[in-house]
Amino acid sequence: MKQITASELVKNSSYINGRWCDTPARFAVVNPANQQLLLEVADAGAAEAEQAVLAASAAFASWAALPAAKRSELLLRWYQLVMQHQQDLARLLTLEQGKPLSEAKGEIAYGASYMQWFAEEAKRLYGDTIPAPSADKRIIVQRQPVGVVTAITPWNFPNAMIARKAAAALAAGCSFVVKPAQQTPLSALALAELAEQAGIPAGVFNVVVGSDAKTIGAVLTQHPKVAKFSFTGSTAVGKQLLKQCADGVKRVTMELGGNAPFIVFDDADLDAAVQGLLASKFRNAGQTCVCANRILVQRGVYQAFADKLAIAITSLKVGDGVNSDSQIGPLIDDKALQKVTALVQGAVAEGAKLLLGGSSHSAGKQFFQPTLITEVSADMAISKEEIFGPVAPLMVFDSEAEAIALANSTDYGLAAYFYSRDIGRVFRVAQQLQFGMVGINEGIISNAAAPFGGVKQSGFGREGAKYGLDDYTDIKYLCLGGL
Ligand code: SIN
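In this report, we go over the structure that sits alongside the text. Small disclaimer: the values here were computed from a predicted structure and weren't measured.

1. Thoughts on the site of the ligand
- What surrounds the ligand is the set Tyr-110, Asn-156, Phe-157, Met-161, Arg-164, Thr-232, Arg-283, Thr-288, Cys-289, Val-290, Ser-446 and Phe-452.
- Arg-164 has a polar side-chain atom sitting 3.1 Å from an oxygen atom of the ligand.
- Arg-283 has a polar side-chain atom sitting 2.9 Å from an oxygen atom of the ligand.
- Coverage of the ligand by the protein chains reaches 100% of its 260 Å² of free accessible surface.

2. Here we look at the nonpolar core
- Trp-78, Phe-205, Phe-305 and Ile-382 are the most contacted members of the largest nonpolar core, which has 142 residues in total.
- Among residues more than four places away in sequence, those in contact with Phe-205 are Tyr-15, Trp-78, Ile-162, Ala-166, Phe-176, Leu-191, Ala-192, Ala-195 and Ile-200.
- Val-53, Val-219, Val-226 and Phe-231 belong to the second largest nonpolar core, which has 23 residues in total.

3. A look at the sheet that holds strand 18 (residues 415-419)
- The seven strands are arranged 14-15-16-13-12-18-19 in an open sheet whose pairing can be described as mixed. Across the chains shown, the open sheet's two edge strands, defined by having one partner strand only, are strand 14 (353-356) and strand 19 (437-440). Across the sheet, the axes of successive neighbouring strands diverge by a mean angle of 25°, strand direction being ignored.
- Summarising the sheet, strand 12 (residues 260-264) and strand 13 (residues 292-298) pair through five bridges and their orientation is parallel. Each residue of the ladder has a partner; that of Pro-261, found in strand 13, is Arg-294.
- Most of the contacts of helix 11 (residues 334-349) go to strand 15 (residues 371-374), to which it runs at about 25°, and overall it touches strand 14, strand 15 and strand 16 (391-397).

4. Structural notes on the packing of aromatic side chains
- Counted according to the given criterion, the structure contains 10 aromatic pairs.
- For the pair Trp-155 and Phe-388, a centre-to-centre distance of 5.9 Å together with 90° between the ring planes defines the contact as edge-to-face. Of this pair, Trp-155 sits in the loop between strand 7 (148-152) and helix 5 (160-172) while Phe-388 sits in the loop between helix 12 (381-384) and strand 16; the two residues are 233 residues apart in sequence, bridging distant segments of the chain. Considered together, Trp-155 and Phe-388 belong to a single accessibility category, that of buried residues.
- One aromatic cluster in this structure is built from Trp-78, Phe-176 and Phe-205.
- The cationic tip of Lys-99 hangs over the ring face of Phe-157; the distance from NZ or CZ to the ring centre is 3.9 Å.
- Of note, Lys-228 hangs over the ring of Tyr-472, and the distance from its end group to the ring centre comes to 4.9 Å.

Each value, and the rule that gives it
Residues numbered from 1 in each chain as written. Predicted model: local features only at pLDDT ≥ 70, side-chain atom pairs only at ≥ 80, totals over all residues. Heavy atoms only, no water. Near = heavy atom within 4 Å. Polar contact = N/O pair within 3.5 Å; in protein donor to acceptor, adjacent residues only side chain to side chain. Areas by Shrake-Rupley, 256 points an atom, 1.4 Å probe, with all protein chains shown as cover. Core = buried A, V, L, I, M, F, W, Y, C linked by side-chain atoms within 4.5 Å. Buried < 20%, exposed > 50% of the residue type's maximum accessible area, 1.4 Å probe, protein only. Contact = heavy atoms within 4.5 Å. Pairing = 2+ DSSP bridges. Helix = DSSP H or I, 4+ residues; strand = E, 2+ residues; numbered from the N terminus. Axes fitted to C-alpha atoms, helices over the stretch in contact; angles between N-to-C directions. Phe/Tyr/Trp six-rings, centres within 6.5 Å; stacked < 30°, edge-to-face > 60°. Lys NZ or Arg CZ within 6 Å of the ring centre and 35° of its normal.

Written out as structure tokens, the structure is:
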């Protein structure tokens, strides 16, 4: 923590109604690179979650009533403060999450870009007038903020997943309560400190940090004052939270798991495909929902692609994220390491060939070697589950139709990627892939101008883009009669 220049960014308790709220109980935040204690944080529970919801409810009316230009100004100020502190915020993020500093800096800028984007969109929350069916009537449509928004966010993007939700909610005129992942509360609390510095009023942005996700989650999904709940995380947990939201008919956004196919056709630029795959697969040590999970390569280029990929993977530098040359950091915890290990061992036991890596890395207890496996088949567990680790499994296919069928043979539908230089194929394949986002000759697709979200069991709702405000507003129809 000594490495953080602006020490006011390091907080150890929840931020509720503009105040830092201590509790007698504490939980430990640990550096995944070396398992050392970073900080003991006050362990909030149901009472604090309820206080935060009530504070957000009390703050809602006056925040919603502010002119959009004023909300925009405050969001922009928040954006500027985040960017001013990019270095410190990145360091904090690396310490608690493990990703390399360069990636952490990228995440801070990525998260802040949603603040900037929605500061602009706040001013464009347009409605409509619609021609009425009779001369004495007028039809006006307005968009109004839904009310109190609650959210649960994951450890893999401790800053950006909060910024992406909060910026849209605040721009629309909603107030907001977030519970960040237990492993990574510090980035969230630093965002709260900067929200306060930006002048965002007390109660509008609240952060509840705690180790009992179930108890806090119950309040955030079921409290009568909550209008909308937004979740980024696994499909299994998302299903449970959805059920909890059902009774109160809460509006819901679900950004859930993925099982992204990455298809390399025989007409692809192989070097570009290798670079795209490295970016997609190994970003955040493979711990993203949009990571390439199944790499499908057409038979004619299979060997050439595997050879080039092996060379590229061999050059990846594994190490503590704070070291400037590290490209692959640790996995988040021991459970994650066990899961990745089991998937790789299972694939090899079922006949896949291990070309590179395959086990933990000497950089530390939670590091896994960048791994390349070939001769993988669709029925192996590694093809069916989200790997969430730096493991690239290669599968061969023969025809375009087979690639599409393989790609779509999953319950998930978040991101897909393919490489081809045939324009006809580009349109044919893009059309048939059952995914919310498709990267074509591109491995990194996320940005604030684009709608992030999935189909099938990857969830629903879109974050970012002009569509990003939709989930935070209700449509109200005014019928003027007797004219
Ligand atoms: C995620 O993995 O959940 C988000 C990734 C992104 O925003 O690019």
